[in-house]
Amino acid sequence: MGARQVAITIDDGFCAECAQAYADLAQATGIHITFNPNGCYGEIWTPLATILRPLIEAGQVQIGNHTFNHWWLTDLSDSQVTAQLEQNEEWIEQTYGITARPWWRPPYGAHDERTDELAASIGYTNVLMWNGSYGDSTAIRPTEILALARQYLNPGVVMLGHANYPEVTGIFPQLAELVTARSLHPVTLDEMFGTSRSTGRST
Ligand SMILES: [Zn+2]
């Protein structure tokens, strides 16, 4: 793949219109994107499989494991940690027809040696952190999101965004302009890091 890659990663998804808008965006524009939905929001995400499955099969869209309930894993017992990942994996496999392995994103970025070893023991060997953010895990103004996008959207960045508040959906055109103006190339995690859906392992 060429240089100037960015990985857009969109988490959670408790806002139905936001998840729908992101799925529509992917379908309409062909942008490569990774979604990390929580199965507890399955009422919102499961119906989007109609749109997302073909994009996933084409390698345009990837699904990561952000756990089923979005709890602080560092506060949970060993069995609860693996259950959170396994329950979400099961939902992802049933809904989207693929594994999320080896990628998992700890809710709140909260992970430690214990959670990482537990995750790795069930095939989640790659912790998905980020080095850029739209700052939209809570409701912030579109101008603030754009300012963060200008700050962080640069080659090599794993960008963190959320399908939680509708503000971001109103500035999709501006974000697309920024990507174009900077000659950035949005890619999935597989494309950026050489992982694979066929095995769910690093290659
Ligand atoms: Zn999250």
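Above: the structure in question.
A quick note: this is a predicted structure, and the numbers were derived from the prediction, not measured.

**A few points about the overall build of the protein chain**
Reasoning step 1: Along the backbone of the protein chain there are eight helices and eight strands.
Reasoning step 2: Since a compact globule built from 203 residues should have a radius of gyration of about 17 Å, the 16 Å found for the protein chain is in line with a globular shape.
Reasoning step 3: A total of 203 residues make up the protein chain; the buried ones form 41% of that total.

**Some thoughts on the pairing of strand E2 (residues 33-37)**
Reasoning step 1: Buried residues dominate E2, accounting for five of its five residues.
Reasoning step 2: Neither face of E2 is open: one carries Ile33, Phe35 and Pro37, the other Thr34 and Asn36, and all of them are buried.
Reasoning step 3: Running through helix H1 (residues 16-29), the crossover from strand E1 (residues 5-12) to the neighbouring parallel element E2 is right-handed.
Reasoning step 4: Bridging between E2 and strand E3 (residues 61-63) involves three bridges; their strand directions are parallel. Across the sheet, isoleucine 33 pairs through a bridge with valine 61, a residue of E3.

The rules behind these values
Residues numbered from 1 in each chain as written. Predicted model: local features only at pLDDT ≥ 70, side-chain atom pairs only at ≥ 80, totals over all residues. Helix = DSSP H or I, 4+ residues; strand = E, 2+ residues; numbered from the N terminus. Rg over C-alpha atoms; globule rule 2.2 N^0.38 Å. Buried ≥ 20, exposed ≤ 12 C-beta atoms within 10 Å, placed from the backbone. Right-handed = clockwise from strand over helix to strand, strands pointing away. Pairing = 2+ DSSP bridges.

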